[in-house]
Amino acid sequence: MTEGTGACGINCLTCGLMRQGKCSPCASGLEPQAHKKLAAQLSLLGGVCPILQCAVQKKIAYCSADCAVYPCHHFSSGPYPLSQGYLDMQIRRRTTARSGEAPQAPPRGKDGEKLH
Ligand code: SF4
Ligand code: SF4
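Residues numbered from 1 in each chain as written. Chains lettered and ligands numbered in written order. Predicted model: local features only at pLDDT ≥ 70, side-chain atom pairs only at ≥ 80, totals over all residues.

### Things to note about the overall build of the chain
Point 1. From N to C terminus, the chain includes 6 helices and 0 strands.
Point 2. Seen in sequence order, the chain has helices and strands lined up from the N terminus as α-α-α-α-α-α.
Point 3. With 116 residues in all, the chain has 17% of them scored as buried.
Point 4. Summarising the internal contacts of the chain: among those between residues at least 6 apart in sequence, 32% fall at separations of at least 24. (Helix = DSSP H or I, 4+ residues; strand = E, 2+ residues; numbered from the N terminus. Buried ≥ 20, exposed ≤ 12 C-beta atoms within 10 Å, placed from the backbone. Contact = placed C-beta atoms within 7 Å.)

### Observations concerning the environment of Q57
Point 1. Locating Q57 in the fold gives a position in helix α3 (residues 50-58).
Point 2. In the structure, Q57 is positioned 28 residues away from G29 in sequence and 7.8 Å away in space, judged by C-alpha atoms.

### Here we look at the nonpolar core
Point 1. A7, I51, L52, A55 and C63 are the most contacted members of the largest nonpolar core, which has 13 residues in total.
Point 2. Of all the elements, α3 adds the most residues to this core, at 4 residues.
Point 3. Not counting residues within four places of it along the chain, the set of residues in contact with A55 comprises A7, G29, I60 and C63. (Core = buried A, V, L, I, M, F, W, Y, C linked by C-beta atoms within 7 Å.)

### As for the site of ligand 2
Point 1. Around ligand 2, the neighbouring residues are I51, C54, A55, K58, I60, C63, C67, V69, Y70, C72 and H74.
Point 2. The dominant element in the shell around ligand 2, judged by the number of residues it contributes, is α3, at 4 residues.
Point 3. Its residues assigned to classes, the shell around ligand 2 shows 9 nonpolar, 1 polar and 1 charged. (Near = placed C-beta within 6 Å. Nonpolar A, V, L, I, M, F, W, Y, C, P; charged D, E, K, R; others polar.)

### Comments concerning the site of ligand 1
Point 1. The environment of ligand 1 is made up of G6, A7, C8, I10, C26, C49, I51, L52 and P81.
Point 2. Here the residues of the shell around ligand 1 sort into 8 nonpolar, 1 polar and no charged.

### With respect to the confidence of the model for the chain
Point 1. In this model, the chain carries an average pLDDT of 87, and 84% of its residues clear a pLDDT of 70 or more.
Point 2. For the chain, helix α1 (residues 16-19) is the element with the lowest average pLDDT, namely 90, and helix α4 (residues 63-66) is the one with the highest, namely 98. (pLDDT = per-residue confidence, 0-100.)

As structure tokens, then:
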């Protein structure tokens, strides 16, 4: 476990909002803190993060490392926590051949720079 890291992979311990006491840390889907975070969201926001809720229900610690269907619709349907560009990169690299096989060409930025 990586304490203070949400199931989505965001490390709350590096976030200024948490350090300023304006937000509580998230957790993996296997930690008791995840239930506290979901309860706090429900109380303060009237709803919960679908990623964290799903990870808890599926008993998944970290989506990217532990879930076979990552990145799932919970990531692509919401406005955060990860950009569509990052999710596309994850999908591309997860389907790219390993060493010894021909790799796919990486995406390029507007001016042609290599992104990953
Ligand atoms: S997006 Fe969800 S899983 Fe990620 S840190 Fe926020 S509440 Fe936790
Ligand atoms: S289905 Fe999606 S939100 Fe649920 S554990 Fe897997 S990657 Fe995370």
